[in-house]
Amino acid sequence: MDILAVATGAGRHAFQLAAEEGGATLFQINLFWVIVSALNFILFFVIIWSFAFKPVSKMLADRHARIEQGLKDAEQARRDRENAEAERVATLGEARREANDILARAQKVAQETRDADIAATREELERLRVRAAAEIEAEKVRAIADVRAEVADLALLAAGKVVGETMSGERERRLVDEFLRGSGVGGSNN
């Protein structure tokens, strides 16, 4: 800084001397002062470069690096977002496929259960029908036996009144069987 002050002071002093000499040539180029001024400019430029341009240049370089990194990060984020979207679509497709599989299995199990229930119901109905038929047959046999006994009693009473005597044992049975066979109700061997 002292050189700059000296150079500036020397430049003023030279200008004053030229003005005092009467100004025959008001403007003269003095090589010494041109060199001093050039050195002042270079010194000023080095100082400005060191304290101003270098930090500003470093700040701009850092900012440029941050912007570049931001662009790279944004590009990476875009790729990640696209990958995430593709992964989401794939996962969604997988979930849909699994849901369809589960639904198909549930429908199959429901159909199998329904078929099993229908088969069990049919078996139960068939069992009940067979049982009812057996009960009906047993009731029919019992009713026929009751009717035969009643008819036999009535026939014996009627025969007893016609013959005028009481019938008993073997003769009674033979007459009742012959009557039943002849009337179409059926005998003891039906």
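Residues numbered from 1 in each chain as written. Predicted model: local features only at pLDDT ≥ 70, side-chain atom pairs only at ≥ 80, totals over all residues. Heavy atoms only, no water.

Colleague: Go over the packing of aromatic side chains with me, naming the residues and quoting the values.
Modeller: All told, the structure shown has five aromatic pairs when counted by the stated rule. Consider the rings of Phe41 and Phe45, whose centres lie 6.4 Å apart with planes at 20°: the pair is stacked. Of this pair, Phe41 and Phe45 both sit in helix H2 (residues 31–163), four residues apart, which is roughly one turn of that helix. Taking the relative accessible area as the measure of exposure, Phe41 reaches 56% and is therefore exposed. Taken together, the ring pairs in this structure connect Phe41, Phe45, Trp49 and Phe53 into an aromatic cluster. (Phe/Tyr/Trp six-rings, centres within 6.5 Å; stacked < 30°, edge-to-face > 60°. Helix = DSSP H or I, 4+ residues; strand = E, 2+ residues; numbered from the N terminus. Buried < 20%, exposed > 50% of the residue type's maximum accessible area, 1.4 Å probe, protein only.)

Colleague: Just give me the short version of the confidence of the model for the protein chain, but keep the residues and values in it.
Modeller: Residues at a pLDDT of 70 or more form 76% of the protein chain, whose mean pLDDT is 82. Of all the helices and strands in the protein chain, helix H1 (residues 2–20) carries the lowest mean pLDDT, 60, while H2 carries the highest, 90. (pLDDT = per-residue confidence, 0-100.)

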